[in-house]
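Residue-level listing of the chains:
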Amino acid sequence: MLRSSMNTAVRRVVPLRFAQTQAISRAAVTNIQERWEKMPATEQDDLVGKLTERQKLPWRELTQPEKQAAWYISYGEWGPRKPVLEKGDGSFIAKGVVVGMVVAVGFFAFIRQFAGEESKTMTKEWQLKSDEYLKSKNANPWGGYSQVQSK
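Residues numbered from 1 in each chain as written. Predicted model: local features only at pLDDT ≥ 70, side-chain atom pairs only at ≥ 80, totals over all residues. Heavy atoms only, no water.

By the naming in an unreviewed UniProt entry, the chain is Cytochrome c oxidase subunit IV, taken from Huiozyma naganishii. The record held by UniProt for the chain lists under Subcellular location (unreviewed entry) the comment "Mitochondrion inner membrane". Quoted straight from UniProt, the Sequence similarities (unreviewed entry) entry for the chain says "Belongs to the cytochrome c oxidase IV family." (UniProt positions renumbered as here; feature names shortened; annotations may be inferred.)

Shown next, in the form of structure tokens:
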């Protein structure tokens, strides 16, 4: 009996937390996506604190701009979540890769055109003689000893 009377007395004395939080002004949370990174850090912290207090209320009591601002601050594309590439960067990178490949193939063709004859160790006869030599020495009998690179 004493416990129940104390509980009711305490409930009457302690004010409800929900009654203390007021809606944030619409101007403070409207269009937050464009303004967030330009806002001073103190103003950002103040807005985060107010939104944190508002989010302790039942969700249906938050206004739509407050919900959008809370979502953007928590999960939006700013800070470390900002995309690395802007629009159009993908095509710029693809063009760069294609140009790089064309230059590499062109350089390879240029070098091959003016290169001398192939080395004598790349001939089929040299590779077959190397096979015979390795067979006579019993070199690597488990993995094979074939030196022929083109069959």
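Still more ground to cover, so stick around.
Draft legend 1. Structural view of the packing of helix H4 (residues 41-55) against helix H5 (residues 64-75). Between H4 and H5, the shortest axis-to-axis distance is 11 Å and the interhelical angle comes to 120°. Note on packing geometry: the crossing formed by H4 with H5 is left-handed. Between H4 and H5, the contacting residues are Leu47, Val48, Leu51, Arg54 and Gln55 on the first element and Glu66, Ala69, Ala70 and Ile73 on the second. (Axes fitted to C-alpha atoms, helices over the stretch in contact; angles between N-to-C directions. Helix = DSSP H or I, 4+ residues; strand = E, 2+ residues; numbered from the N terminus. Left-handed = near helix turned anticlockwise from the far one by under 90°. Contact = heavy atoms within 4.5 Å.)

Draft legend 2. Representation of the side chain of Glu66. Its location among the elements puts Glu66 in helix H5. Judged by relative accessible area, Glu66 falls into the buried class, the value being 0%. Other than its neighbours up to four places away in sequence, Glu66 contacts Ala23, Ile24, Val29, Leu51 and Arg54. (Buried < 20%, exposed > 50% of the residue type's maximum accessible area, 1.4 Å probe, protein only.)

Draft legend 3. Local environment of the UniProt feature "transmembrane region" (unreviewed entry) in the chain. Look at the UniProt record and you will see "transmembrane region" (unreviewed entry) annotated at residues 92-111. In residues 92-111, the share of helix is 100% and the share of strand is 0%. The end C-alpha atoms are 29 Å apart.

Draft legend 4. Spotlight on H5. Across its 12 residues, H5 extends 16 Å between first and last C-alpha, which sits within 8% of the 16 Å expected from 1.5 Å per residue. Of all the positions in H5, only Pro65, Glu66, Ala69, Ala70, Tyr72 and Ile73 are classed as buried. Looking straight down H5, one finds that the buried residues subtend no more than 165° of arc, so they occupy a single side. Facing away from the buried side of H5, by more than 90 degrees, are the exposed residues Trp71 and Tyr75. Along its buried surface, H5 packs onto helix H2 (26-29), helix H3 (32-35) and H4. (Expected span 1.5 Å × (residues − 1). Arc of directions from axis to C-beta.)

Draft legend 5. The pattern of salt bridges, seen in detail. Counted under the stated rule, the structure contains three salt bridges. The salt bridge involving Asp46 is made with Lys50; its shortest N-O contact spans 3.5 Å. Taken together, the residues span about one helical turn, with Asp46 and Lys50 both in helix H4 at a distance of four residues. Residue Asp46 is classed as partly exposed on the basis of its relative accessible area of 42%. Relative accessible area serves as the criterion here: at 43%, Lys50 is assigned to the partly exposed category. Among the ionic pairs, Glu66 bridges to Arg54, the shortest N-O distance being 3.1 Å. Linking Glu66 in helix H5 with Arg54 in helix H4, this pair joins segments that are 12 residues apart in sequence. Summarising the burial analysis for this pair, Glu66 and Arg54 share the class buried. (Salt bridge = Lys/Arg side-chain N within 4 Å of Asp/Glu carboxyl O.)

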